[in-house]
Amino acid sequence: MMHSIRSIMRTLTLTVSMIALLITTSPAAFAAEKTDFKLAWTIYVGWMPWDYAAASGIVDKWADKYGINIDIVQVNDYVESINQYTAGQFDATVMTNMDALTIPAASGVDSTALIVGDFSNGNDGVVLKGDKTLKDIAGQQVNLVELSVSHYLLARGLESVGMSEKDVKVVNTSDADLVAAFSSDTVTAVTTWNPLLSEITAQPNTSEVFDSSMIPGEIIDLLVVNTETLEANPKLGKALTGAWYEIMATMSGTDAAATEAKTFMAEASGTDLAGYDAQLASTKMFYTAAEAVAFTHSADLMATMQKVSEFSFDHGLLGEGAPDATFIGIETPSGVYGNTSNVKLRFNPAYMEMAAEGAL
Amino acid sequence: MTRIINRQPSRYGRLALGFLPFVILLLVYIVASDARLAENSADKLLPSFQSFADAVVRMGFEPSKRTGEYLLLNDTLSSLQRLMMGVGLSAFIGLVIGVGNGMVPYMRSPLSPLVTAISLIPPMAILPILFIIFGLGELSKVVLIVIGICPIIIRDIQLRTDDLPPEQLIKAQTLGGSSWQIIVRVVLPQIMPRLIEAVRLTLGSAWLFLIAAEAIAATDGLGYRIFLVRRYMAMDVILPYVLWITTLAFAMDWSLKRVSILLFPWYHGTQGGGHD
């Protein structure tokens with residue numbers, strides 16, 4: 001009897017260690033050189049080119065050139081895609097500068113902004129019901145996705161009229177339900193992004209009282225790559241950057257190819273060419289690598305990241321271990337903001353510079 | 001050689017075997033978490049038990065820096081209030097319509113098909129409609145729970161009422177009982193324990209709809225907190241919250257069972273005592 005129990009225990013111990021081994025052998029554990037990579041993207045005006053990149057074969061072309069494979073995966077849930085990236089399931093993912101700081105970087109995953117794709121220039125906005133100005137928001141409930149860039153935009157907007165978050169009541173509302181929520185009488189103020197924003201402003205009797213064009217260059221859309229993976233595999237950085245700027249060149253043209261590419265992106269994001277062009281109009285796309293490089297090099301980027309860090313710290317997004325906003329170091333070409341010995345987010349223009357010089 | 005189907009574990013053996021899966025899960029977690037933390041000490045996916053303890057102290061026993069409230073207490077009270085209202089309302093409506101449908105053919109004919117149809121609508125699919133009708137406040141969260149579980153309770157109670165032996169009802173009629181008297185004195189006492197049972201079985205769904213409602217629009221609540229901190233992958237908060245929800249749900253199920261045994265011992269007696 002004792003013998004059989006012991007043999008059962010041994011089998012169990014073995015099973016446990018096997019399962020544990022399976023769980024811990026995540027892809028991130030191997031930062032060594034590899035040939036297969038996965039990129040996750042979610043629907044947003046500035047990220048639709050990745051869908052086109054996959055469908056048109058441009059990514060495959062560039063991946064072949066460098067002898068690697070890049071799998072482009074669409075994820076339906078934005079935050080989930082970043083969480084999966086942070087957990088090591090993806091090598092690269094699209095996200096905003098704020099989410100790059102608060103999710104992967106705050107989780108200790110050293111991340112590099114490989115491509116600075118665009119910044120929101122009106123794509124995010126604060127909308128009130130009725131004929132109102134931003135000051136009228138005092139005392140209202142504001143429905144938004146809490147702790148997202150909308151929350152940051154609202155905080156910046158309130159700051160601009162001498163108010164703070166204490167003057168309003170923030171109600172966390174899922175982005176999927178925000179448009180429906182706005183039709184309800186109890187909802188009087190929302191902060192959101194496109195395409196939801198245009199759905200909401202299209203309703204009668206609304207005023208858009210603040211938008212991201214009033215804080216240009218602060219809500220930045222990035223392609224973020226795991227720093228270790230990138231350092232071990234510069235080919236990945238070259239292939240992705242090369243593919244991206246090839247599409248940018250196509251998109252920014254006025255010929256049939258540009259229309260075809262943009263129509264594809266429009267349909268994939270659930271709108272038509274006119275609707276997509278309207279969203280592009282409120283997005284400052286960096287169509288050439290040179291523009292993105294110049295933006296990354298400017299000292300404004302560091303100032304922006306300081307504001308974002310301070311906002312994130314005030315809302316507890318840098319983790320409980322963070323004593324102040326400078327806890328996580330952010331490296332930009334013009335200097336490092338915060339703790340230099342804990343740099344977890346890097347704006348690295350090297351690959352975009354190669355693209356600008358035509359060296360890819 | 002005794003056949004495997006006839007071999008019984010001893011009392012302690014049963015206890016030990018019951019704990020075994022939990023111990024294995026815990027061990028797997030510890031090993032996996034240690035491995036991830038060894039690689040990246042800031043990893044948030046599988047936090048250490050120390051981080052859990054810190055998060056529990058922070059959420060449960062220290063006033064929040066921003067609002068001065070005890071977050072866990074606050075979240076629990078808001079969620080429980082919504083849940084109790086939703087479940088209480090569903091049980092009440094379920095009892096009234098269920099017994100009515102079961103006993104009064106003129107009520108059953110128009111209502112029964114409607115209840116069946118409503119019970120088949122996935123509540124999450126009509127969320128936008130609920131928002132427009134009931135707004136985004138407390139009401140819509142309670143309504144979501146009611147729409148989710150009430151039809152199930154009604155149908156269950158209706159079936160249970162139908163199942164009552166017709167002899168009983170005929171006997172009560174020969175004794176001169178009116179419809180109302182029969183419903184109140186014969187049917188209701190026998191249906192009450194079955195109502196508690198129906199509520200116990202739908203509690204799981206009620207929690208599901210509560211969490212879903214709080215994830216969509218809220219300023220507090222257990223579901224709200226989980227979906228909020230998910231934004232920065234604070235598993236050190238999420239996992240204790242999940243454990244807490246499980247504990248609350250278990251406590252509610254257990255107390256309902258005790259109440260039922262206390263108030264309706266005859267019901268549990270007929271079920272052979274081991275009815276749970």
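Note that this is a predicted model, so its numbers are computed, not measured.

Cut-offs and rules
Residues numbered from 1 in each chain as written. Chains lettered and ligands numbered in written order. Predicted model: local features only at pLDDT ≥ 70, side-chain atom pairs only at ≥ 80, totals over all residues. Heavy atoms only, no water. Domains from an automatic or database assignment. UniProt positions renumbered as here; feature names shortened; annotations may be inferred. Helix = DSSP H or I, 4+ residues; strand = E, 2+ residues; numbered from the N terminus. Pairing = 2+ DSSP bridges. Phe/Tyr/Trp six-rings, centres within 6.5 Å; stacked < 30°, edge-to-face > 60°. Buried < 20%, exposed > 50% of the residue type's maximum accessible area, 1.4 Å probe, protein only. Lys NZ or Arg CZ within 6 Å of the ring centre and 35° of its normal.

What follows deals with the domain arrangement of chain B. What the domain assignment reports for chain B is domain 1 (10-46) and domain 2 (60-270). Measuring from the centre of the C-alpha atoms in domain 1 of chain B to the corresponding centre in domain 2 of chain B gives 34 Å.

Another aspect to go through is the UniProt feature "domain: ABC transmembrane type-1" (unreviewed entry) in chain B. Under the UniProt annotation, "domain: ABC transmembrane type-1" (unreviewed entry) lies at residues 76-256 of chain B. The span residues 76-256 of chain B shows a helical share of 86% and a strand share of 1%, and its end C-alpha atoms are spaced 19 Å apart.

The next subject is the sheet that holds strand S7 (residues 169-173) of chain A. Taken together, 6 strands build an open sheet; the order of strands is S9(A)-S5(A)-S8(A)-S6(A)-S7(A)-S1(B) and the sheet is mixed. Looking at strand neighbours, the two that pair on one side only are strand S9 (206-211) of chain A together with strand S1 (217-218) of chain B, the edges of this open sheet.

So, about the UniProt feature "domain: SsuA/THI5-like" (unreviewed entry) in chain A. Those residues carrying the UniProt feature "domain: SsuA/THI5-like" (unreviewed entry) are residues 65-243 of chain A in this numbering. Between the end C-alpha atoms of residues 65-243 of chain A there is a gap of 11 Å, over a span that is 31% helix and 30% strand.

Throughout the structure, instances matching the rule amount to 13 aromatic pairs over all chains. Relative to Trp244 of chain A, the ring of Trp50 of chain A lies with its centre 5.2 Å away and its plane at 35°, an arrangement referred to as tilted. A residue pair is termed long-range when its members are at least 10 positions apart, and Trp50 of chain A in helix H2 (residues 48-56) and Trp244 of chain A in helix H10 (residues 234-252) qualify at 194 residues. Looking at Trp50 of chain A, the relative accessible area reads 1%, which means it is buried. Of the residues examined, Trp244 of chain A reaches a relative accessible area of 2% and is grouped as buried. What links up through ring pairs into an aromatic cluster is the set Tyr44, Trp47 and Tyr78 of chain A. For Lys129 of chain A, the ring lying beneath its charged end belongs to Phe182 of chain A, and the centroid distance is 4.9 Å. Across the ring face of Tyr12 of chain B, the terminal group of Arg11 of chain B is positioned such that the distance to the ring centre comes to 5.9 Å.

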